[in-house]
Amino acid sequence: MNGRRLFKRLRGLFVSYAHIMTSSDSEDSKYKQNSGEDEFKVTPWEVEGEIDYDKLIKRFGTQRITKELLNEVRSIAGKIHPLLRLGYFFSHRDFDWILDRYRSNESFYLYTGRGPSGMVHMGHLMPWIFTKYLQDKFNSNLLFQFTDDEKFLHSQILSRQEIRLYTYENILDVIAIGFKPQKTRFIVDTQHIKYLYPIATEIAKRITFSTASAVFGFSNSTNIGMIGFPPIQASPCFLPSIIEGKQTPVLIPAAIDQDPYWRMTRDVAERMGYPKPAQIHSKFIPGLGISGKMSSSKPETALFTTDEPEVVEKKVATAFTGGQATVQLQRLLGGNPIACPVFWYLRYFFDSERDSYDRLLKCKSGNLLCGECKADLAKESKIFLKEFKERREHAKNVVADFMYDGKEYEK
Ligand code: TRP
């Protein structure tokens, strides 16, 4: 891929305030998210091509997160999380409504999840770190779903036993994030299905195959387990109202590829007597390779939470950067931080905003070499992962405390 195309692909990750403006819900885009006219594809199971996040907002009919909305968050929460301020979370549905309700003393639940198809890497942690911030700031209860059924149904290669193992390993990562045990409940689909199934059947009955295939891109060759799965992921949106015995708002922080589920759920919510779930959508994190999001299927471009320090060192050393071919050229022409995954990793995880800006300027002016940024990233990642691993170890003792047992949360 040439530099210009790569630049275009990564440019979308860099949202400056100047780009922030409102866009309205577009009805006709509702069920057409995978029409062939665009050069990229986003479904819950496939992300392909050059992602244009502005187009995604139109295609999915979501709202852009505006400056006003950020101010609103600041006035309630005090501090805006960097992942929100930097535009990693860039789009929403009804987040403003959730904040309004919160202001009038109504609490809301958070709901997010993980498909346990492999080990967890740093890219996966981003939305969860943000979810923890929301839990802390809004003192919210959190439902966290592990869709072991979805991953088994979707994968051509993973056995149920492998998925069981990943589910356990992933649970340790989620606990290590630091969610409040009294306010957090895990749902592992194959273990907790009895709490979901009654709601799922109510949802499923209201959705035709024709709607589901338009929303999810199903075809005649899709296995029927996958076709029947979406209501299982939709059910936790309504569980809080059942737990609380009254209509209870839910906010879902998730990458935007999960949006088809929520569109479907919102469509049936009111008919079923529940509030529509609200969402806040993130972008995809770039991998350390030349393109695409960080992916478990390209392990050399992802930093796993269980990677040993030498492995981290090596992966960072071989990462793609936005630098020039030689030191002389770099000094002369400067690098391209916007197209550099090392820059973005540092920005999202470790640099303060000010340090990140300094880094950007120095890189562009040829006063910073890729080796220096890589050394920073390797050092910081090793420190971060060392501590994370300790928390993961500790998590082994408290898994049972997080499991949903059909009872109410402690008040
Ligand atoms: N389907 C998601 C995945 O494959 C997992 C998931 C279940 C989820 N429920 C969710 C993600 C709610 C975000 C929000 O990773």
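Structure first, text after, so check above.
Everything numeric here is computed off the predicted structure, so don't read it as measured data.

Chemist: What am I meant to see in the sheet that holds strand E9 (residues 278-282) here?
Modeler: Backbone hydrogen bonds are what pair the strands of a sheet, in a parallel or an antiparallel way. Reading across from one edge, E3-E4-E9-E8-E5-E6-E7 is the order of the seven strands in this open sheet, with mixed pairing throughout. What marks the edges here is a single partner per strand, and that holds for strand E3 (63-64) and strand E7 (184-188). Pairing of strand E6 (residues 142-146) with E7, which is carried by five bridges, proceeds in the parallel orientation. Paired with Leu142 across the two strands is Thr184, which belongs to E7. With respect to the sheet, helix H9 (residues 189-204) is in contact with E6 and E7, its orientation differing from that of E7 by roughly 105 degrees.

Chemist: Explain the pattern of salt bridges here, please?
Modeler: Two side chains with opposite charge may pair up if their charged atoms get near one another. For the structure on display, the rule yields 20 salt bridges. Arg64 is the partner of Asp54 in a salt bridge, and the nearest nitrogen-oxygen pair spans 1.8 Å. Of the two residues, Asp54 is situated in helix H2 (residues 53-60) and Arg64 in strand E3; the sequence distance between them amounts to 10 residues. Note that Asp94 and Arg266 form a salt bridge whose closest N and O atoms lie 3.1 Å from each other. Pair noted here: Asp94 is in the loop between strand E4 (89-93) and helix H5 (95-103) and Arg266 is in helix H14 (residues 259-269), with a separation of 172 residues, a long-range link. The exposure class of Asp94 is partly exposed, given its relative accessible area of 25%.

Chemist: What exactly am I supposed to notice about the site of the ligand here?
Modeler: What surrounds the ligand is a group of 14 residues, the closest being Tyr111, Gln145, Glu150, Gln233 and Gln258. Tyr111 places a polar side-chain atom, nitrogen or oxygen, 2.9 Å from a nitrogen atom of the ligand. Gly115 places a main-chain nitrogen or oxygen 3.0 Å from an oxygen atom of the ligand. Contact with the protein chains removes 91% of the 370 Å² of surface that the ligand exposes when unbound. Those elements that provide at least two residues to the shell around the ligand are strand E5 (109-114), helix H7 (148-154) and strand E8 (250-255). The element that contributes the greatest number of residues to the shell around the ligand is E5, accounting for four residues. Split by residue class, the shell around the ligand holds four nonpolar, seven polar and three charged.

Chemist: Mind showing me how you'd approach unusual backbone geometry here?
Modeler: Among all residues except glycine, the phi angle is most often negative; among peptide bonds, the trans geometry is most common. At Asp94, a position not held by glycine, the phi torsion is positive, near 65 degrees. With phi around 50 degrees, Asn139 is a residue other than glycine that occupies positive phi space. Classification of Asn139 as partly exposed rests on a relative accessible area of 43%.

Chemist: Could you clarify how one ought to interpret the packing of helix H17 (residues 341-350) against helix H18 (residues 353-364) in this entry?
Modeler: Each pair of packed helices can be summarised by the angle the axes make with each other and by the distance between the axes. For the pair H17 and H18, the least separation of the axes is 9 Å and the interaxial angle reads 165 degrees. Relative to H18, the element H17 is oriented roughly antiparallel. The two elements H17 and H18 meet at a crossing, and its hand is right-handed. For the pair H17 and H18, contact is made by Phe343, Leu346 and Arg347 and by Ser356, Arg359 and Leu360, respectively.

Chemist: Where do I start with helix H15 (residues 309-317) in this structure?
Modeler: A turn of α-helix holds 3.6 residues, and therefore any two residues three or four places apart point the same way. Among the residues of H15, those classed as buried are Val312, Lys315 and Val316. Mapping the buried residues of H15 onto a view down its axis gives an arc of 95 degrees, with all of them on the same face. Exposed and oriented more than 90 degrees from the buried face of H15 are Glu310 and Lys314. On the buried face of H15, the contacting elements are helix H19 (370-395).

Chemist: Mind showing me how you'd approach the packing of aromatic side chains here?
Modeler: Aromatic rings in a pair are described by how distant their centres are and how their planes are angled relative to each other. This model, assessed by the stated rule, comprises 32 aromatic pairs. Ring geometry for Phe144 and Phe186: centres 5.9 Å apart, planes at 65 degrees, overall edge-to-face. Of this pair, Phe144 sits in strand E6 while Phe186 is found in strand E7, placing the two residues 42 residues apart along the sequence. The pair Phe144 / Phe186 is uniform in exposure class, with both members buried. Between Tyr195 and Tyr404, the aromatic rings sit 5.0 Å apart at their centres with planes inclined by 75 degrees, giving edge-to-face as the arrangement. Here Tyr195 is found in helix H9, whereas its partner Tyr404 is found in the segment after helix H20 (399-402), with 209 residues between them in sequence. Joined through ring pairs, the aromatic side chains of Trp45, Tyr111, Phe216, Phe218, Phe229, Tyr261 and Trp262 make up one cluster. Cation over ring: Arg59 sits above Phe40, and NZ or CZ is 4.1 Å from the ring centre.

Chemist: I tried to follow the pairing of E5 on my own but got confused; where do I start?
Modeler: Across a regular strand the side chains alternate sides, sitting on one face of the sheet and then on the other. Of all six residues making up E5, five are buried, and the element is well covered by its neighbours. By the bridge criterion, two bridges tie E5 to E8 in an arrangement that is parallel. Looking at E8, one finds that Tyr109 is bridged to Val250. As paired strands, E5 and E6 are joined by five bridges and run parallel to one another.

Chemist: Explanation requested: the pairing of E9 in the structure shown.
Modeler: Counting buried positions over the five residues of E9 gives five, a clear majority of the element. Going residue by residue along E9, you find Ala278, Ile280 and Ser282 tucked away on one face and Gln279 and His281 tucked away on the opposite face as well. Summarising the sheet, E4 and E9 pair through four bridges and their orientation is antiparallel. Among the inter-strand pairings, Phe89 is bridged to a residue of E9, identified as Ser282.

Procedures and definitions
- Residues numbered from 1 in each chain as written.
- Predicted model: local features only at pLDDT ≥ 70, side-chain atom pairs only at ≥ 80, totals over all residues.
- Heavy atoms only, no water.
- Pairing = 2+ DSSP bridges.
- Helix = DSSP H or I, 4+ residues; strand = E, 2+ residues; numbered from the N terminus.
- Contact = heavy atoms within 4.5 Å.
- Axes fitted to C-alpha atoms, helices over the stretch in contact; angles between N-to-C directions.
- Salt bridge = Lys/Arg side-chain N within 4 Å of Asp/Glu carboxyl O.
- Buried < 20%, exposed > 50% of the residue type's maximum accessible area, 1.4 Å probe, protein only.
- Near = heavy atom within 4 Å.
- Polar contact = N/O pair within 3.5 Å; in protein donor to acceptor, adjacent residues only side chain to side chain.
- Areas by Shrake-Rupley, 256 points an atom, 1.4 Å probe, with all protein chains shown as cover.
- Nonpolar A, V, L, I, M, F, W, Y, C, P; charged D, E, K, R; others polar.
- Parallel < 35°, antiparallel > 145°, perpendicular 65-115°, else oblique.
- Left-handed = near helix turned anticlockwise from the far one by under 90°.
- Arc of directions from axis to C-beta.
- Phe/Tyr/Trp six-rings, centres within 6.5 Å; stacked < 30°, edge-to-face > 60°.
- Lys NZ or Arg CZ within 6 Å of the ring centre and 35° of its normal.

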